[in-house]
Amino acid sequence: MSVYGRVEEVHQENREPLEYQIEQESHHRESSRLPLVKILLWSTLVTGITLGVPLLLDLMSAQEVQDFYTGWALHQTGKIYSDYYGSQGLLYYLLTYVTQGGFFFAIFEWLALVAGGFFLFKSADTLTEQGDQAGQVVTIFYMLVTGLAFGGGYATLLALPFLFAAFSLVAAYLSNPSHDKGFVRIGLTLAGGFFFAPLSSLLFIAVVSLGLLVFNLGHRRFAHGFYQFLAVALGFSLVFYPTAYYSVATGSFEDAISGILYPIHSIRLASVSALLENVLFYGLLALGMGVLVFVFLGLFQSKSSKLYVISVPASLFLILGLVVIFFTQDPLHASRLMLIFPVFLLLLVSNIKGRQSGRSARRRRREEPVSLWHRYTKGNLYLPILTLLYLLAVPFLMRFVLYPVPYQERDRLADLVKEETSTEDAIYAWDDTATLYRKSERLSPSAILSPLHYTATEENRNKLLNDLKEKQPKVIVVNDKVAVWSEVETILKENYQPVKTDYSEFKVYKIKQ
């Protein structure tokens, strides 16, 4: 019988024959037809919207501006993590170095979207045997990533093909436990995702690992579970150790760990108002995306065991990820929700209505299952569609209607900086974004490019102050809307002189001769 909030059980006398029958059907079942045309069209559209438009219209998030600056600056001098602070994986920064954060980057994003859609469909189809609804998951995936990754969140987006390539193998095992293969490859692909987006990948790995543990314990496959752990660990280490060796060899391993764990180390209650602002902004976005509704369904709605072992851990770690985001100290931006996006996709997959078996199926054989798309859109009062429109509209509104002046003045400032400095001179932009460095083709003297980013820890704050004191950039540009620390006011007063300009929102200071 089916009990709300519990896994559907089969009568003990029919358990072994039924499991054998399901296993045989799963083994011989052919995969549903891949919606290749839809995947290719969606990938092209999403790449153009999320990357092409922000690059052309200067709508990139502050986080992504810094990451792309790192890729460009590495061609000049320095080492990643030591000279350019970062919280993403080494392979991601290697990609920004190769592409220099330009339109060439779009090729890799397009490939990631195509591969991500393919493996997501394969995972959903294998796990639920519902090809039509697996295609609906793919549609929801592209719709959400269009809004969340608009101008940011690219590291997690690039990690998705690796994460779901691994999960497609896990789904095959959950659907057919006799298919106990490919676990070394699971470790290899999870490591690939980790070196693009470490924290998003760790949340994903935690969900999958806990799901496998519970599944193996429930089926008394203790030896299989131990072997799988060893195989995954082996595959992971084959990628992890050679890649991490680069950081060790360059002496930046500690800086890499510090950067990757920055979102965790920076968790603190700076003020109640800041926490409430984060909870309102990210909480309402999560509600609009359907996260909260599907967390409830994942925890309490009845489903088969292979789906239940994924939905419950995914719900719990989604809540954990949201708590981390709520306590972030960096400026608000929707792309920060990309941290939980891979886990949310797992939750969507695990909420697909699969085939019923036994007497439950006979009772419902004439009923058409409610599609995932219908439950996701209508079940959330069409809030996901309104949320997507909001995420796409707000950047344009901020850029062209509410705050156009700073964007216009930064272009003029870049020309002024070029006149006042040479290519060997460093500058510092006391601003809420790092766009001035790239526009003026000048490097920052500090690994911390903005006082509003990565400065929630005392270590990073002191690092920025020491760099400004010791390396003394030739020009410091100050945004009037960004509060200047008292220590920086002292530095400006003692070592710099103001430059006469007609800017309404910026002041320019040049070092005293």
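Small disclaimer: the values here were computed from a predicted structure and weren't measured.

Draft legend 1. How the structure looks around the overall build of the protein. In terms of regular secondary structure, the protein is built from 23 helices and four strands. Relative to its length of 513 residues, the protein is compact, with a C-alpha radius of gyration of 25 Å against a globular reference of 24 Å. Along the first, second and third principal axes, the C-alpha set of the protein runs to 90 × 50 × 45 Å. A burial count over the protein gives 53% of its 513 residues as buried.

Draft legend 2. Seen up close, the pattern of salt bridges. According to the stated counting rule, one finds 12 salt bridges in the structure shown. The partner of D411 in a salt bridge is K439, with the nearest N and O atoms 2.9 Å apart. Placement of D411 in helix 20 (residues 404-420) and of K439 in helix 21 (residues 435-440) is noted, with a sequence separation of 28 residues between them. A salt bridge links D467 to K471; the nearest nitrogen and oxygen atoms lie 3.9 Å apart. Residue D467 and its partner K471 are both found in helix 22 (residues 458-471); the two are separated by four residues, about one turn of the helix.

Draft legend 3. Examining helix 7 (residues 154-175) more closely. With 22 residues, helix 7 should cover 32 Å at 1.5 Å per step; its first-to-last C-alpha distance of 31 Å lies within 8% of that length. The principal kink in helix 7, of about 35°, is found at L160, preceding the proline P161 by one to four residues. Among the 22 residues of helix 7, 21 are classified as buried, and the element is accordingly described as predominantly covered.

Draft legend 4. View of the packing of aromatic side chains. This structure, assessed with the given rule, holds 39 aromatic pairs. Ring centres of F105 and Y154 lie 5.8 Å apart, and the angle between their planes is 50°; this geometry places the pair in the tilted category. On the criterion of sequence distance, the pair formed by F105 in helix 5 (residues 105-128) and Y154 in helix 7 is long-range, its members being 49 residues apart. Y154 shares its class with F105; the two are buried. On the numbers, 5.0 Å between centres and 80° between planes, the contact of F281 with Y282 is edge-to-face. Among the aromatic side chains, those forming a connected cluster through ring pairs are Y69, W72, Y84, Y428, W430, Y437 and W485.

Draft legend 5. Seen up close, the pairing of strand 1 (residues 427-430). A two-sided burial pattern is seen for strand 1, the buried positions comprising I427 and A429 on one face and Y428 and W430 on the other. Where strand 1 and strand 2 (residues 475-479) come together, four bridges link them in parallel fashion. If you follow A429 over to strand 2, its bridge partner there is V477.

Draft legend 6. Spotlight on the nonpolar core. Counting residues in each nonpolar core, the largest one holds 143 residues, and the members touching the most others are F167 and F344. Among the elements that take part in this core, helix 7 stands out by supplying 15 residues, more than any other. Each residue touching F344, except ones within four places of it in the same chain, is listed here: L144, M289, G290, V291, F294, L318 and Y376.

Draft legend 7. Expanded view of the pairing of strand 3 (residues 496-499). The pairing of strand 3 with strand 4 (residues 506-511) spans four bridges and is classified as antiparallel. Each residue of the ladder has a partner; that of Q497, found in strand 4, is K510. In textbook terms, the turn of a hairpin is the stretch between consecutive antiparallel strands, and for strand 3 and strand 4 this stretch comprises six residues.

Draft legend 8. The confidence of the model for the protein, seen in detail. Across the protein, the average pLDDT comes to 89, with 91% of residues at 70 or higher. In this model, residues 1-28 is a region of pLDDT below 50 whose contacts with residues beyond four sequence positions or in other chains number 36 contacts.

Draft legend 9. Region of interest: a nonpolar patch on the surface. A cluster of nonpolar side chains, L56, L57, F103, F396, L397, M398, F400, V401, L402 and Y403, forms an exposed patch at the surface whose accessible area comes to about 950 Å². Mapped onto the nonpolar patch, the elements with two or more residues apiece are helix 2 (36-57) and helix 19 (383-402). A per-element tally of the nonpolar patch places helix 19 first, with six residues. Tracing the sequence through the fold places Y403 in the loop between helix 19 and helix 20. The class of Y403 is partly exposed, set by a relative accessible area of 44%.

Cut-offs used in this document
Residues numbered from 1 in each chain as written. Predicted model: local features only at pLDDT ≥ 70, side-chain atom pairs only at ≥ 80, totals over all residues. Heavy atoms only, no water. Helix = DSSP H or I, 4+ residues; strand = E, 2+ residues; numbered from the N terminus. Rg over C-alpha atoms; globule rule 2.2 N^0.38 Å. Buried < 20%, exposed > 50% of the residue type's maximum accessible area, 1.4 Å probe, protein only. Salt bridge = Lys/Arg side-chain N within 4 Å of Asp/Glu carboxyl O. Expected span 1.5 Å × (residues − 1). Bend = angle between axes of the 7 residues up to and from the residue. Phe/Tyr/Trp six-rings, centres within 6.5 Å; stacked < 30°, edge-to-face > 60°. Pairing = 2+ DSSP bridges. Core = buried A, V, L, I, M, F, W, Y, C linked by side-chain atoms within 4.5 Å. Contact = heavy atoms within 4.5 Å. pLDDT = per-residue confidence, 0-100. Patch = residues over 30% accessible without salt bridge, like charges linked within 9 Å, V, L, I, M, F, W, Y side chains within 5 Å. Areas by Shrake-Rupley, 256 points an atom, 1.4 Å probe, with all protein chains shown as cover.

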